[in-house]
Amino acid sequence: MKKKLAIAGTAVVAVTLLTGFGFGGRGHHGSPDPERIKQMVTWKLDDKLDDLDATEAQRTSLHAVKDRLLAEGQQLMEGQQSVRKEALTQLESPNPDAAKLHALVDARIDAFRAFAHKATDAVLEMHRTLTPAQRQELASEYRERTGQK
């Protein structure tokens, strides 16, 4: 059963990556504006830092992490455009190159995996920036919001 779920999950990810239905694909409102995303994340971060009574040094450090991660995420999304174009080219042809399509999926999975590791490192960097009391406050809020005890 686990193998079937893994195969089904991989198929969903592949279709999502190749067709652009996820991760910033064009919807009825167009592609997300990177500056708008940055603005929204900055507002949310500032609001949380206010709640935590963060120092200016903490704010500076955490905003640098946020800016770095957003820039790397933007690069990842820009790479997605060329993958979509190549996938569409392959799927419009009478004989799509299966190996090329599989390579596109593998490359995107590797890119997203690398980004996920960078995001994890960013979380750890943020963790080191906050005081134990601030970390505990965030953990308590998370547990409350997610219903974990």
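Computed from a prediction, not measured in an experiment: that's the story for all the values here. (Residues numbered from 1 in each chain as written. Predicted model: local features only at pLDDT ≥ 70, side-chain atom pairs only at ≥ 80, totals over all residues. Heavy atoms only, no water.)

**Thoughts on the nonpolar core**
(1) Moving on: Listed in full, the 6 residues of the largest apolar core are Leu45, Leu49, Leu52, Ala54, Leu62 and Leu130.
(2) Moving on: Non-local contacts of Ala54, meaning those with residues more than four positions away in its chain, are made with Leu49, Arg59 and Gln134. (Core = buried A, V, L, I, M, F, W, Y, C linked by side-chain atoms within 4.5 Å. Buried < 20%, exposed > 50% of the residue type's maximum accessible area, 1.4 Å probe, protein only. Contact = heavy atoms within 4.5 Å.)

**A look at the packing of helix H2 (residues 34–51) against helix H3 (residues 56–92)**
(1) Moving on: Interhelical geometry of H2 versus H3 gives an angle of 155 degrees and a closest axis separation of 11 Å. As judged from the angle between their axes, H2 and H3 are roughly antiparallel. In this structure, the crossing between H2 and H3 has a hand that is right-handed. Contacts between H2 and H3 involve Pro34, Ile37, Lys38, Val41, Thr42, Leu45, Asp46, Leu49 and Asp50 on the former and, on the latter, Arg59, Leu62, His63, Lys66, Asp67, Leu70 and Gln74.
(2) Moving on: Taken together, the residues that form the contact of H2 with H3 break down as 7 nonpolar, 3 polar and 6 charged. (Axes fitted to C-alpha atoms, helices over the stretch in contact; angles between N-to-C directions. Helix = DSSP H or I, 4+ residues; strand = E, 2+ residues; numbered from the N terminus. Parallel < 35°, antiparallel > 145°, perpendicular 65-115°, else oblique. Left-handed = near helix turned anticlockwise from the far one by under 90°. Nonpolar A, V, L, I, M, F, W, Y, C, P; charged D, E, K, R; others polar.)

Keep in mind that these numbers describe shape and distance, not what the molecule does.
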